[in-house]
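Letter by letter, the chains look like this.
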Amino acid sequence: MEIFLIILIALTLLGALFFVPIVRLLEHRPVLLLYAIVLIFVFSSLFSPADLPVVSVAGINFNQMDIIGPIILVLCFPFFFFYLRNGFERKDIVFFVLFFWMMILGLNYILGLRAFGLQVATNEFRSYFYIICITLYVASLNMHIVWPQIERLFLFGAFCLFVVAAIGFVDGDFSRSGRPIGSSHALLILQALLIAIFMYNRRQLSPALMPFVVCLFPLLVILQHRSIWVVMFFSLVSICILEPAMRGRIIRFGLIGLVVVGGLCAVMFGTTIFEALKDSYDEAALVGTGEKTNTFLWRMQGWRSLLTGKQMDSVQDLLIGNPFGSGWERTVLTGDGLDQVRSETPHNFYLQTFLRGGVLGFLAFLALHIMLLKKMCFRARVDPELRPFLLCLTVLIASQMIYYIPYGSDYIQAIFLGSGIAWLRHSETVKGAI
């Protein structure tokens with residue numbers, strides 16, 4: 001026991017010795033923490049959610065983001081302390097909405113601690129905690145310096161996932177059950193592709209990266225995440241609407257990617273890929289026959305069950321939602337008409353946020369995104385200097401809003417929320433409130 005105590009004291013003293021230098025380093029190199037976040041996210045693609053490495057201390061499980069989250073929250077506290085102390089101005093309305101949403105979530109977390117205990121409540125609250133921490137941290141940064149690094153960071157993350165996917169396809173299994181990475185990681189690849197398109201339009205994309213970027217489009221098709229196909233379609237249409245001059249380039253490079261990479265895959269794997277894509281389409285179009293059920297219809301059954309079940313049976317539940325730890329238990333029908341109880345997350349971030357934030361929390365969450373999109377579009381029209389960056393972020397945030405319909409949100413998406421707030425904070429400070 002004495003040996004463990006001595007080791008603990010030694011580690012504490014060592015941490016205190018390097019505390020100030022590390023804090024100073026992170027203040028001057030904020031992208032280091034963002035790299036850590038993206039690398040952790042990429043690392044998670046190697047595991048199923050149930051198999052992610054955790055450390056258990058006193059019966060409580062901790063993962064890597066449980067360490068990163070509090071660190072970035074502490075680092076951005078001095079910045080937001082002045083907002084809290086001096087009060088909000090009109091240009092700070094987005095911050096106010098974000099803080100209001102945080103308060104609703106924090107209240108339900110406290111209620112969840114009292115009702116279900118630390119571990120159960122924290123397991124559900126974790127994802128929101130990460131989103132809040134990362135959004136606040138990135139919103140406090142100088143985007144003129146950090147945004148180009150974020151662009152390169154997402155391209156790097158997409159390259160890592162590209163390698164993981166390529167290794168996963170070596171066995172020739174292109175079926176939906178053999179997908180090497182999940183939809184959230186495919187979304188990062190898509191968003192890296194969107195970033196690269198805007199970088200190319202600004203003539204800031206290295207020619208050496210062009211073959212890699214062109215390969216991302218067919219990769220997203222082969223990965224067979226149908227929700228990502230929908231998000232990609234609307235994202236590319238949005239770019240064509242916001243930047244008409246880019247239409248020809250998008251079509252040209254998209255066709256090059258499909259023809260070249262698709263041709264190579266067809267030569268190497270024959271009809272395997274095309275059969276897998278056909279099966280994926282047939283499953284998506286299935287209405288519910290035999291033992292199978294259309295995925296979207298199955299999810300809609302679960303959403304209806306959650307909204308009409310015990311989760312929403314009081315005024316408090318409707319107003320501020322359920323405490324964290326209440327679970328997601330609902331009943332759905334299988335393809336043969338039998339009731340099936342499921343307890344995983346709802347596969348809809350809007351519904352999930354409504355259940356844990358009620359009407360107030362949901363409206364704050366929705367207002368945060370809509371205000372960001374509206375303000376960035378307005379500022380892009382009146383500020384030519386920031387237009388390429390703001391339009392890029394507009395498409396990125398819109399893409400994740402579409403993704404929220406069939407899936408949840410991952411902490412990696414909070415980087416774009418924080419970036420949007422930071423860009424607006426700079427432009428509004430320089431040129432007046434919107």
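Residues numbered from 1 in each chain as written. Predicted model: local features only at pLDDT ≥ 70, side-chain atom pairs only at ≥ 80, totals over all residues. Heavy atoms only, no water.

A. How the structure looks around the pattern of salt bridges. In total, this model carries 4 salt bridges according to the counting rule given. The partner of Arg202 in a salt bridge is Glu151, and the shortest N-O contact between them spans 2.8 Å. Of this pair, Arg202 sits in the loop between α7 (183-201) and α8 (210-222) while Glu151 sits in helix α6 (residues 143-168); the two residues are 51 residues apart in sequence, bridging distant segments of the chain. Residue Arg202 shares its accessibility class with Glu151, and that shared class is buried. Residue Glu243 pairs with Arg387 through a salt bridge whose shortest N-O separation is 3.6 Å. Residue Glu243 is found in the loop between α9 (226-242) and α10 (247-269), and its partner Arg387 is found in helix α15 (residues 387-403); the two are separated by 144 residues along the sequence. Overall, Glu243 belongs to the buried group, its relative accessible area being 14%. Using a relative accessible area of 26% as the deciding quantity, one classes Arg387 as partly exposed. (Salt bridge = Lys/Arg side-chain N within 4 Å of Asp/Glu carboxyl O. Helix = DSSP H or I, 4+ residues; strand = E, 2+ residues; numbered from the N terminus. Buried < 20%, exposed > 50% of the residue type's maximum accessible area, 1.4 Å probe, protein only.)

B. Spotlight on the environment of Ser206. By the element assignment, Ser206 lies in the loop between α7 and α8. In the structure, Ser206 is positioned 10 residues away from Ala196 in sequence and 9.7 Å away in space, judged by C-alpha atoms.

C. Quick peek at the packing of helix α2 (residues 31-44) against α6. Between α2 and α6, the shortest axis-to-axis distance is 10 Å and the interhelical angle comes to 20°. Comparing the axis directions of α2 and α6 gives the class roughly parallel. Handedness of the crossing formed by α2 with α6: right-handed. Across the interface between the two elements, Val31, Leu34, Tyr35, Val38, Leu39 and Val42 of α2 pack against Val146, Gln149, Ile150, Leu153, Phe156, Gly157, Cys160 and Leu161 of α6. Residue composition of the contact of α2 with α6, grouped by class: 12 nonpolar, 2 polar and no charged. (Axes fitted to C-alpha atoms, helices over the stretch in contact; angles between N-to-C directions. Parallel < 35°, antiparallel > 145°, perpendicular 65-115°, else oblique. Left-handed = near helix turned anticlockwise from the far one by under 90°. Contact = heavy atoms within 4.5 Å. Nonpolar A, V, L, I, M, F, W, Y, C, P; charged D, E, K, R; others polar.)

D. Representation of the side chain of Asn348. Position of Asn348 among the secondary structure elements: in the loop between β4 (339-342) and α14 (349-382). Separated by 2.9 Å, the side chain of Asn348 and the backbone nitrogen of Leu351 make a polar contact. Apart from the residues within four sequence positions on either side, Asn348 is in contact with Trp303, Tyr404, Ile405, Pro406 and Tyr407. (Polar contact = N/O pair within 3.5 Å; in protein donor to acceptor, adjacent residues only side chain to side chain.)

E. Molecular detail of the nonpolar core. Leu34 and Trp147 are the most contacted members of the largest nonpolar core, which has 115 residues in total. Looking at this core element by element, the count peaks at 13 residues for α7. Residues within four places of Leu34 in sequence aside, it is in contact with Tyr137, Val138, Leu141, Val146, Ile150, Leu153 and Ile415. In terms of nonpolar packing, the next biggest core, distinct from the first, is built from 7 residues, Leu306, Met312, Trp328 and Leu355 among them. (Core = buried A, V, L, I, M, F, W, Y, C linked by side-chain atoms within 4.5 Å.)

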